[in-house]
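Observations on the three-dimensional arrangement
Residues per chain are reported as follows:
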Amino acid sequence: MNQQQLKQAAAQAALDYIQPCLTSDAIIGVGTGSTADCFIDLLCQEAHRFAGAVASSERTAQRLQAGGVRVLDLNDVDYMPVYVDGADEINPALQMIKGGGGALTREKIVASVAQKFVCIVDASKQVSVLGNFPLPVEVLPMAVRNIKRAFATMGGQSRVREGFVTDNGNLILDVSGLSIEDPLALEQTINQWPGVVTNGIFAIHAAAVALVASEAGVQQIKPIDH
C-alpha cells in the first residue's frame, strides 16, 4: 500500500469508528489536511445522517459544503461528540504536532470543544519523541523577530513559512531543531510568549484515540501515560 492508500484506510476506519455519533442532531468536528480530506470525502456520503459539521479551516468548510454537508459556526454549537483530524507527528501518549497545513489555531479550538479527539494517521507519523517535524507556530506579524529570538535560546531554528497567511491573517513560523521531551510544558510555555496565537503542540488537548494505518491494517491505539 502506498501512503495515499494508508490515509484512505485510516479515514475509513474513522468513519466506522464514529458511526454511533452520526445521528440526526449531531455536529461533527472536522480537521484539515490530506488525511482529513480523505475522511471528508467519506463523511459527505453520509451527509443525510447527521445535522452538520464544524470546519477547522476555510478549505475544509469548502470541501464539506461541496459534498452536501451543512457547515456551522462553532459559536452556534452547544455540543460536539467528536473531532476527527490527522497529525504531522504523534507520540505514545497521543500528544501531537499539528499545523503542517497551517490551520493549527482553528484545529486546536475545535478540538477543545469536542468530547473526543480521534486522530487518523499512517504509521510513518508515529514517533517516540516529538520534534523531528518542524513545529508550526502561528504568530502576529509584528512579533516574528522576537519569537525567533526566543526559539534560538532553546536551540530552535525558525523560518517564516513563505507565501502563506493563516485564515486568521497571521504568519506561521516553522521551528526545527527541537526535541520535545515534555510536550505539555513546552506547549504552555510557548503560548505565553506575547505575539504567539498558538503553537502546533497538541498536548493539553491530546487525542483520545489514534487510528493508525499500516500494511498490517488499521490499529486502534489508546494513550500511554507519558
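Being a predicted model, the structure only gives us computed values, none of them experimental. (Residues numbered from 1 in each chain as written. Predicted model: local features only at pLDDT ≥ 70, side-chain atom pairs only at ≥ 80, totals over all residues. Heavy atoms only, no water.)

Looking now at the nonpolar core. Grouped together as the largest cluster of nonpolar side chains are 30 residues, with contacts concentrated most on Ile28, Phe39 and Leu43. Sorting the residues of this core by element identifies α1 (3-17), β1 (27-30), α2 (34-44), β2 (52-55), α3 (58-66), β3 (82-85), β6 (117-122) and β12 (209-214) as the ones contributing at least two each. One finds Leu74, Val77, Met80 and Ala114 within the second-largest nonpolar core, a separate group that totals 22 residues. (Core = buried A, V, L, I, M, F, W, Y, C linked by side-chain atoms within 4.5 Å. Buried < 20%, exposed > 50% of the residue type's maximum accessible area, 1.4 Å probe, protein only. Helix = DSSP H or I, 4+ residues; strand = E, 2+ residues; numbered from the N terminus.)

Once that is clear, we can look at the pairing of β6. For β6, the buried fraction is high: six of the six residues fall into the buried class. Residues Phe117, Cys119 and Val121 line one face of β6 and the alternating positions Val118, Ile120 and Asp122 line the opposite face, and both faces are buried. With three bridges connecting them, β3 and β6 associate as parallel partners. Across the sheet, Asp85 pairs through a bridge with Cys119, a residue of β6. In this sheet, β12 lies alongside β6 in parallel orientation, the contact comprising five bridges. Along β12, the bridge assignment pairs Asp122 with Ala213. (Pairing = 2+ DSSP bridges.)

Across all of its chains, the model carries three aromatic pairs by this definition. Centroid distance Tyr83 to Phe117: 5.1 Å. Interplanar angle 75 degrees. Geometry classified as edge-to-face. Here Tyr83, found in strand β3, pairs with Phe117, found in strand β6; they are 34 residues apart in sequence, far enough to count as distant. We classify Phe117 as buried; its relative accessible area is 4%. Look at Phe151 and Trp193: their rings are 4.9 Å apart centre to centre, the planes differ by 75 degrees, and that puts the pair in the edge-to-face class. Residue Phe151 is located in helix α5 (residues 144-152), and its partner Trp193 is located in the loop between α6 (183-191) and β10 (196-199); the two are separated by 42 residues in the primary sequence. Looking at Trp193, the relative accessible area reads 16%, which means it is buried. Following the ring pairs from residue to residue traces out a cluster consisting of Tyr83, Phe117 and Phe202. (Phe/Tyr/Trp six-rings, centres within 6.5 Å; stacked < 30°, edge-to-face > 60°.)

It is at 9 Å that the axes of α2 and α3 come closest, and there the two elements cross at 25 degrees. The orientation of α2 relative to α3 falls into the category roughly parallel. Crossing geometry of α2 relative to α3 is assigned as right-handed. The residues of α3 that touch α2, namely those facing Ser34, Asp37, Ile40, Asp41, Leu43 and Cys44, are Arg59, Thr60, Arg63 and Leu64. Looking at the contact of α2 with α3 residue by residue, the classes come out as four nonpolar, two polar and four charged. (Axes fitted to C-alpha atoms, helices over the stretch in contact; angles between N-to-C directions. Parallel < 35°, antiparallel > 145°, perpendicular 65-115°, else oblique. Left-handed = near helix turned anticlockwise from the far one by under 90°. Contact = heavy atoms within 4.5 Å. Nonpolar A, V, L, I, M, F, W, Y, C, P; charged D, E, K, R; others polar.)

Each pocket or cavity is described by its volume, and for the largest pocket that value is around 220 Å³. What lines the largest pocket is a set of 19 residues, among which Thr32, Gly33, Ser34, Ala87 and Asp88 lie closest to the centre. Put simply, the parts of the chain that give the lining of the largest pocket at least two residues each are α1, α2 and β6. Broken down by element, the lining of the largest pocket gets its largest block of residues, three residues, from α2. Tallied by class, the residues present in the lining of the largest pocket amount to four nonpolar, nine polar and six charged. Volume-wise, the second largest pocket comes out at about 170 Å³. (1 Å grid on protein atoms, 1.4 Å probe; cavity = no way out; pocket = protein on both sides within 12 Å on 5 of 7 lines; lining within 4 Å. Points joined across faces, edges and corners; volume = space filled by probe spheres on them.)

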